Amino acid sequence: MFGTITPLFPGLPGGPEVLVVLLILVLLFGANKIPKLARSTGQAMGEFKRGREEIEDELSELEEDEESEDAETEAETETTTSTESN
């Protein structure tokens with residue numbers, strides 16, 4: 001008759017847990033250092049994102065180069081095949 005209530009996102013902290021974590025952060029780092037910590041975390045995430053985008057760009061350039069080389073070799077083989085048959 002009475003069912004148990006399952007959380008929508010199991011494993012994620014709810015309201016009271018978030019408040020406890022914030023209180024611990026204020027006690028550990030102090031109210032003045034939290035904005036600096038958040039700013040440095042944001043900068044680190046930005047650096048990571050830029051690095052990931054650079055690597056993705058390099059990989060896509062390599063793939064394009066390989067595709068163009070494949071197309072060139074196919075064109076060369078077709079040319080040599082057609083001249084040999086004449």
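Preceding this section is the structure that the text describes.
Residues numbered from 1 in each chain as written. Predicted model: local features only at pLDDT ≥ 70, side-chain atom pairs only at ≥ 80, totals over all residues. Heavy atoms only, no water.

Peer 1: Would you mind showing me how to read the overall build of the chain here?
Peer 2: Looking only at helices and strands, one finds two helices and zero strands in the chain. Here the chain, with 86 residues, has 0% of them falling under the buried criterion. Just so you have it, the chain exposes about 8,200 Å², and 61% of that area is on carbon and sulfur atoms. (Helix = DSSP H or I, 4+ residues; strand = E, 2+ residues; numbered from the N terminus. Buried < 20%, exposed > 50% of the residue type's maximum accessible area, 1.4 Å probe, protein only. Areas by Shrake-Rupley, 256 points an atom, 1.4 Å probe, with all protein chains shown as cover.)

Peer 1: Looking at this structure, how should I read the pattern of salt bridges?
Peer 2: Here the idea is simple: oppositely charged side chains can pair when their charged atoms come close. Counted according to the given criterion, the structure contains two salt bridges. Residue R50 is joined to E47 by a salt bridge in which the shortest nitrogen-to-oxygen separation is 2.8 Å. Within this pair, R50 and its partner E47 are both found in helix 2 (residues 33-85), separated by three residues, close to a single helical turn. Judged by relative accessible area, which is 46%, R50 ranks as partly exposed. Measuring nitrogen to oxygen at the nearest pair gives 3.8 Å for the salt bridge that ties R52 to E56. Of this pair, R52 and E56 both sit in helix 2, separated by four residues, roughly a single helical turn. For R52, a relative accessible area of 41% gives the class partly exposed. (Salt bridge = Lys/Arg side-chain N within 4 Å of Asp/Glu carboxyl O.)

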